[in-house]
Amino acid sequence: MSKIFVDACFGKETPYTPVWMMRQAGRYLPEYMKVRAEAGNFLNLCHDPKKACEVTLQPVDIVGVDAAILFSDILVVPLEMGMDLKFVTGEGPKFNDPIKDEADLDRLIGGDEAASKLTYVYDTIKLIKEKLADDKALIGFTGAPWTLATYMIEGEGTKTYNICKKMMYSNPELLHKILAKVTEVVKLYMQKQIEAGIDVVQIFDSWAAAIEPSKYDEFSWKYMVEIAEYLKSKYPHIPIIMFPKGIPAFLDKVYGNFEVFGVDWSTPMDLAKEKLGSKYVLQGNMEPCRLYSKEATTESVEAIQKVMGGKRHIFNLGHGILPDVPVENAKHFIKECHRVSKK
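For clarity, every value in this text was computed on a predicted model and none was experimentally measured.

A. Summary view of the overall build of the chain. Secondary structure summary: the chain contains 15 helices and nine strands in total. Against the compact-globule benchmark of 20 Å for 343 residues, the chain has a radius of gyration of 19 Å, which places it among compact chains. For the chain, the spread of C-alpha atoms along the principal axes amounts to about 60 × 45 × 40 Å. Put simply, the chain has 343 residues, and 59% of those count as buried. Excluding contacts between residues fewer than 6 apart, the proportion of contacts in the chain whose partners are at least 24 apart in sequence is 72%. Total accessible area computed for the chain in this model is approximately 13,700 Å², and 51% of it derives from carbon and sulfur atoms. Considering the chain, the positive charge centre built from 43 side chains and the negative charge centre built from 47 side chains are found 2 Å apart.

Put into structure tokens, the structure is as follows:
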């Protein structure tokens, strides 16, 4: 059975424009909070294939999205490379042993050895595929090497990126070594996700906007392109979505062998269409806070549809859904995307 989401990724004609939401398996759903409470903490939930499968499927069943996205976290990659990861309530992820020098990097495991430790992710994918409806796609994902490296170097989320950027300008060789090691793990991690059964890959560069335009290709984009190239050479039938957040100034510099470009909410959709619409299918880009108002949601969905005309497009938010959004408003978003784009 063909999957409307996969068809849309390849730019094929579809009966309506499919839609999903970043962070759709998450805290805005009471059903998710129940499973998370049973798991004890966030990492336990990531490590439990049965529970991770359950929360992956929730938004498909409850909200009506056209694709499921694997429930996991981008930081399981550095965790299985050997870093000490904790999720601190109210503060987010923290590494107690950030990378400061080459010796810190050398003690981390890489390549297939690290990717092979992520068995709980592959087991989750297999379980989801058993239960997911045949016409729904399953999206697997990874953080981009730059986004992963920022956490590994800073030790936690940051607003200034000064430790990471200090390395970028004062010791670029070390930063490139970190990025190269992470890239090798990510290639194999995504390969194993595909072999376990995912239908589409998304690469998240959440911290893309931290890099000045003249350095973006060197320290982030080229590594994302390398991952896409590797996967395309083996699995041409698996579409790849690139999502670099906050780079409207760099749209002219986007290149690479992938199908879908994720447009964040700070980038006007008509600008993205003008610069990239002929080369890539575009995904996005409603401002997530519009979900607090059904009227504001409808207004945005109609405006995006007017720009894209239901062609070479996938509806999504321009970043993740927020935890206090009413579930009925999320359902309204999905229904409106389907309504305006029905052929």
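After that view, the rundown keeps rolling.
B. Main features of the packing of aromatic side chains. Tallying each qualifying case throughout the model produces twelve aromatic pairs. Relative to Phe71, the ring of Phe42 has its centre 5.7 Å away and its plane inclined at 70°; by these criteria the two rings are edge-to-face. Of the two residues, Phe42 is situated in helix 3 (residues 42-47) and Phe71 in the loop between strand 1 (67-69) and helix 5 (76-80); the sequence distance between them amounts to 29 residues. Among the residues examined, Phe42 registers a relative accessible area of 13% and is labelled buried. Note on Tyr151 and Trp207: the rings are 6.0 Å apart at their centroids and 50° apart in plane angle, and the pair reads as tilted. In this pair, Tyr151 sits in helix 9 (residues 145-154) while Trp207 sits in the loop between strand 5 (200-205) and helix 12 (213-234), placing the two residues 56 residues apart along the sequence.

C. Helix 8 (residues 119-131), seen in detail. End to end, helix 8 covers 19 Å across 13 residues, agreeing with the expected 18 Å (1.5 Å per residue, within 8%). Those residues of helix 8 that sit buried are Tyr120, Val121, Tyr122, Thr124, Ile125 and Ile128. Residues of helix 8 that are buried in the fold lie against helix 3, helix 4 (49-62), helix 5, helix 7 (111-115), strand 4 (137-143) and helix 11 (172-196).

D. Representation of the sheet that holds strand 8 (residues 281-283) within the structure. Ordered by their spatial adjacency, seven strands build an open sheet running 1-4-5-6-7-8-9, and the pairing between neighbours is parallel. In this open sheet, the two strands that pair with only one neighbour each are strand 1 and strand 9 (313-314).

E. Broad picture of the environment of Ala249. With respect to the helices and strands, the residue Ala249 is situated in the loop between strand 6 (240-244) and strand 7 (260-262). Through-space distance from the C-alpha of Ala249 to that of Asp66 is 31 Å; in sequence the pair is 183 residues apart.

F. Fine view of the packing of helix 13 (residues 269-276) against helix 14 (residues 294-308). Remark: helix 13 packs on helix 14, axes separated minimally by 9 Å, with the N-to-C direction vectors making an angle of 20°. By the angle class used here, helix 13 and helix 14 are roughly parallel. As helix 13 packs across helix 14, the resulting crossing turns out to be right-handed. Of the residues in helix 14, those touching helix 13 at Met269, Asp270 and Lys273 are Ile304, Val307 and Met308.

G. Representation of the pattern of salt bridges within the structure. All told, the structure shown has 21 salt bridges when counted by the stated rule. Between Asp7 and Lys12 there is a salt bridge, with the nearest N and O atoms lying 3.9 Å from each other. Taking the relative accessible area as the measure of exposure, Asp7 reaches 17% and is therefore buried. When its relative accessible area of 49% is taken as the criterion, Lys12 is described as partly exposed. Measuring nitrogen to oxygen at the nearest pair gives 3.0 Å for the salt bridge that ties Glu184 to Lys187. Placement of both Glu184 and Lys187 in helix 11 is noted, with a separation of three residues, approximately one turn of the helix.

H. Just the pairing of strand 4, in detail. Counted residue by residue, strand 4 has seven buried out of seven residues, so it is predominantly covered. Of the two faces of strand 4, the one carrying Ala137, Ile139, Phe141 and Gly143 and the one carrying Leu138, Gly140 and Thr142 are both buried. Sheet topology note: the strand 4/strand 5 ladder contains five bridges and is parallel. Each residue of the ladder has a partner; that of Gly143, found in strand 5, is Phe204.

I. Representation of the pairing of strand 6. With five of its five residues buried, strand 6 lies for the most part within the structure. Here strand 6 shows a buried face lined by Ile240, Met242 and Pro244 and a second buried face lined by Ile241 and Phe243. Pairing of strand 5 with strand 6 involves five bridges; the strand directions are parallel. Paired with Gln202 across the two strands is Ile241, which belongs to strand 6. In this fold, strand 5 hands off to helix 12, which returns the chain to strand 6; that crossover is right-handed. For strand 6 and strand 7, the ladder comprises two bridges, and the chain directions are parallel.

Rules and cut-offs
- Residues numbered from 1 in each chain as written.
- Predicted model: local features only at pLDDT ≥ 70, side-chain atom pairs only at ≥ 80, totals over all residues.
- Heavy atoms only, no water.
- Helix = DSSP H or I, 4+ residues; strand = E, 2+ residues; numbered from the N terminus.
- Rg over C-alpha atoms; globule rule 2.2 N^0.38 Å.
- Buried < 20%, exposed > 50% of the residue type's maximum accessible area, 1.4 Å probe, protein only.
- Contact = heavy atoms within 4.5 Å.
- Areas by Shrake-Rupley, 256 points an atom, 1.4 Å probe, with all protein chains shown as cover.
- Lys, Arg positive; Asp, Glu negative; His and termini not counted.
- Charge placed at Lys NZ, Arg CZ, Asp CG, Glu CD.
- Phe/Tyr/Trp six-rings, centres within 6.5 Å; stacked < 30°, edge-to-face > 60°.
- Expected span 1.5 Å × (residues − 1).
- Pairing = 2+ DSSP bridges.
- Axes fitted to C-alpha atoms, helices over the stretch in contact; angles between N-to-C directions.
- Parallel < 35°, antiparallel > 145°, perpendicular 65-115°, else oblique.
- Left-handed = near helix turned anticlockwise from the far one by under 90°.
- Salt bridge = Lys/Arg side-chain N within 4 Å of Asp/Glu carboxyl O.
- Right-handed = clockwise from strand over helix to strand, strands pointing away.

All we've got here are geometric facts, nothing functional implied.
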